[in-house]
Amino acid sequence: MDPPATIRAVTRIAPTGLALLGIAFTVGCGTKADVTTSSTLTPVTVSMPPILSQKTRCLTDAQTTGAFTTAGLYVNLTAQPNQAAPIKMLTAARADLAVTTPAELVTLRDAGSPLISVAQLTRVPLQQGTDKPKTARAATAQTVGSPTILVATRDTVTGRGSMLRRFLQAVGRSCTNLPPKQPSAAQMKKLKAKAAKAAKAHKGKVVNAEPAIFVYANTARDGHPWGWQSPADWDTLVRNLAKAGKLRGAVAPDTVFTNEFLAGEGS
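Keep in mind that what you see is a predicted model, and the values were worked out from it rather than measured.

About the cut-offs
Counting from 1, residues in each chain are numbered in the order their sequence is written. Reporting in this predicted model follows two pLDDT cut-offs: at least 70 for local features of residues, and 80 or more for side-chain atom pairs to be given and counted; totals over whole chains, interfaces and linings ignore these cut-offs and use all residues. Water and hydrogen atoms play no part in the side-chain values, which are based on all heavy atoms of the structure. Numbering of helices and strands runs from the N terminus; a helix is a DSSP stretch of H or I covering at least four residues, while a strand is a stretch of E covering at least two. We call a residue buried when its accessible area falls under 20% of the maximum for its residue type, exposed when it is over 50%, and partly exposed in between, using a 1.4 Å probe and counting protein chains only. By definition, a salt bridge exists where a carboxyl oxygen of Asp or Glu is found within 4 Å of a side-chain nitrogen of Lys or Arg. For every residue, the predictor assigns a confidence score, pLDDT, that lies between 0 and 100. When checking whether two residues touch, look at their non-hydrogen atoms; a contact exists if any pair is within 4.5 Å. DSSP calls a pair of strands paired once it identifies at least 2 bridges connecting them. Here, nonpolar core refers to any group of buried Ala, Val, Leu, Ile, Met, Phe, Trp, Tyr and Cys residues whose side-chain atoms link them within 4.5 Å.

Focus on unusual backbone geometry
Then step 1. With phi around 60°, Ala93 is a residue other than glycine that occupies positive phi space.
Then step 2. By the element assignment, Ala93 lies in the loop between helix 4 (85-91) and strand 4 (97-100).
Then step 3. We classify Ala93 as exposed; its relative accessible area is 69%.

The following block contains the structure:
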């Protein structure tokens, strides 16, 4: 039987996100559930790229497990039509958070946008892909993954710290020590085909690098919480972008990210 509307899952993915992820939310009949309505929860909209994958796994896991609801949040994960849309949604105040790349964030900060990274979603080094590969092998290896971060505006960081802390720590609880999913034969075939195509383009050999599916989730490790961002990595990224002539001015690395709202961090 269908559950009452008041106890249906209150976190959701927009229809486009559902189509991409194939996620369904169900509530078993005959089980006791707390009556919760969206009006009692804090709304949060997260604008994401069109292709949702292992990069956003921790976010979708927090949604499907009910971690956001437990944290008092009504979360809307929206998949956008193109890669540029998430940041446009964020800067137009149509989203509270957006998923993007570190290099894009630094470039936008260089142009004056008041954005800041609040969590790293992947384990891939931040500077990956910002420099021209020195060898075909390096270029091929880079095809299996790319760094991804979660970005907010300065206003959100300053004025909605409680929401950010609840959101990020809910994701962290869902993703802490989460084992990587074993890739299927079809996924492995696609990864190898992608590497082979890149190798051919660079006249190099096929590189069977570690599949992205094993490196994407930035789970808690080495004494750091889920989503933790390395100051050294940000420093290297900004320095590389400046050296490559991709920045017009000086960008202070410690101003483009914060770990303040992650579990065990900040005041």
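Comments concerning the pattern of salt bridges
Then step 1. Applying the stated criterion to the full structure yields 4 salt bridges.
Then step 2. The salt bridge involving Arg248 is made with Asp110; its shortest N-O contact spans 4.0 Å. Within this pair, whereas Arg248 is found in the segment after helix 10 (231-243), its partner Asp110 is found in helix 5 (residues 102-110), the two being separated by 138 residues in sequence.
Then step 3. A relative accessible area of 15% places Asp110 in the buried class.
Then step 4. Residues Asp235 and Arg239 are paired through a salt bridge, measuring 2.6 Å at the closest nitrogen-oxygen approach.

Section: the confidence of the model for the chain
Then step 1. In the predicted model, the chain carries a mean pLDDT of 75, and the fraction of residues at 70 or more is 64%.
Then step 2. The low-confidence segment residues 1-36, where pLDDT is below 50, has 56 contacts with residues more than four positions distant or belonging to other chains.

Overview of the pairing of strand 6 (residues 149-153)
The side chains of a regular strand alternate between the sheet's two faces.
Then step 1. Along strand 6, 5 of the 5 residues are buried, which leaves the element largely enclosed by surrounding structure.
Then step 2. Burial along strand 6 is two-sided: the residues Ile149, Val151 and Thr153 and Leu150 and Ala152 are all buried.
Then step 3. Pairing between strand 4 and strand 6: 3 bridges, direction antiparallel. Paired with Ala98 across the two strands is Val151, which belongs to strand 6.
Then step 4. Note: strand 5 (residues 115-120) against strand 6, 5 bridges, orientation antiparallel.

So, the nonpolar core
Then step 1. Core analysis: the largest hydrophobic core is formed by 31 residues, its most contacted members being Val46, Leu59, Leu97, Leu150, Phe167, Leu168 and Trp226.
Then step 2. Secondary structure elements with two or more residues in this core: strand 2 (42-48), helix 2 (57-64), helix 3 (67-70), strand 3 (73-79), strand 4, strand 5, strand 6 and helix 8 (161-175).
Then step 3. Tallying contributions element by element places helix 8 first for this core, with 7 residues.
Then step 4. With sequence-adjacent residues up to four places away left out, Trp226 is seen in contact with Cys58, Ala119, Leu121, Leu168, Val171, Gly172, Cys175, Asn218, Thr219, Ala220 and Leu262.
Then step 5. By size, the runner-up hydrophobic cluster in this structure holds 17 residues, among which are Leu126, Val238, Leu241 and Val256.

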